[in-house]
Amino acid sequence: TTSGLTTPGACKGGAAKLAAYIYKSYDSIEKDLAKGDGKYLDMLAVLAEKTSEEKEVFIQSVRTRLREIVEKDDYSSLSRLEKAKSLYVIVKDLS
C-alpha cells in the first residue's frame, strides 16, 4: 500500500529513516536516478540495506520502475509527498 508514509506506526526504525530521507531528498534522488549514479542514490541503497554487490541491480530496478511512473500524464501534477510515496513503495518492494 502507499499509506506507509502516512499511517502512524507504519514506519518504524529503518523504514522511518528511509521514508524521511526520500521525502527530504526527493528532488536530488530523482536527479541522481536520471544520471544513474550519485551520492543520493548511494545513501538510498544504504538505507534500503543493499550490499555493494546488490546496489547496481537495485538502482537499475528503481530507475526502471520510477520511469514508468514519471512517464504517466499525471506525474507533473503530483505533490512532492505523492512522488515520495511512489518512490518509497518502489524501494520497499525491492527490499
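**Re the environment of K85**
Mapped onto the secondary structure, K85 falls in helix α4 (residues 80–93). K85 sits in the buried class, given a relative accessible area of 17%. Taking the C-alpha atoms as reference, K85 lies 8.0 Å from A19; in sequence the two are 66 residues apart.

**Some details on the nonpolar core**
If you look at the biggest cluster of nonpolar residues, it comprises 23 residues, and the most contacted ones within it are I22, I29, L44, F58, L87 and V91. Where this core is concerned, the elements lending two or more residues are α1 (14–35), α2 (39–47), α3 (52–70) and α4. Among the elements that make up this core, the one with the highest residue count is α1 (eight residues). What I29 contacts, discounting residues up to four positions off in sequence, is Y21, I22, Y40, L41, L44 and L87.

**Some words on the layout of surface pockets**
Size it by volume and the largest pocket reaches roughly 170 Å³. Around the largest pocket sit E30, L33, A34, R63, L66, R67, V70 and E71, which together line it. Residue contributions to the lining of the largest pocket peak at four residues, all from α3. Partitioned by chemical class, the residues of the lining of the largest pocket number four nonpolar, no polar and four charged.

**Here we look at the pattern of salt bridges**
According to the stated counting rule, one finds four salt bridges in the structure shown. The salt bridge partner of K35 is D32, with a shortest N-O separation of 3.5 Å. Of this pair, K35 and D32 both sit in helix α1, three residues apart, which is roughly one turn of the helix. Accessibility expressed as a relative area gives 59% for K35, which makes it exposed. Ionic pairing is found between K55 and D42, a salt bridge with its closest N-O pair at 2.4 Å. With K55 in helix α3 and D42 in helix α2, the pair connects residues that are 13 residues apart, well separated along the chain. Given the relative accessible area of 27%, K55 is considered partly exposed.

How each quantity is defined
- Residues numbered from 1 in each chain as written.
- Predicted model: local features only at pLDDT ≥ 70, side-chain atom pairs only at ≥ 80, totals over all residues.
- Heavy atoms only, no water.
- Helix = DSSP H or I, 4+ residues; strand = E, 2+ residues; numbered from the N terminus.
- Buried < 20%, exposed > 50% of the residue type's maximum accessible area, 1.4 Å probe, protein only.
- Core = buried A, V, L, I, M, F, W, Y, C linked by side-chain atoms within 4.5 Å.
- Contact = heavy atoms within 4.5 Å.
- 1 Å grid on protein atoms, 1.4 Å probe; cavity = no way out; pocket = protein on both sides within 12 Å on 5 of 7 lines; lining within 4 Å.
- Points joined across faces, edges and corners; volume = space filled by probe spheres on them.
- Nonpolar A, V, L, I, M, F, W, Y, C, P; charged D, E, K, R; others polar.
- Salt bridge = Lys/Arg side-chain N within 4 Å of Asp/Glu carboxyl O.

Without other data, these values stay purely geometric and don't point to any function.
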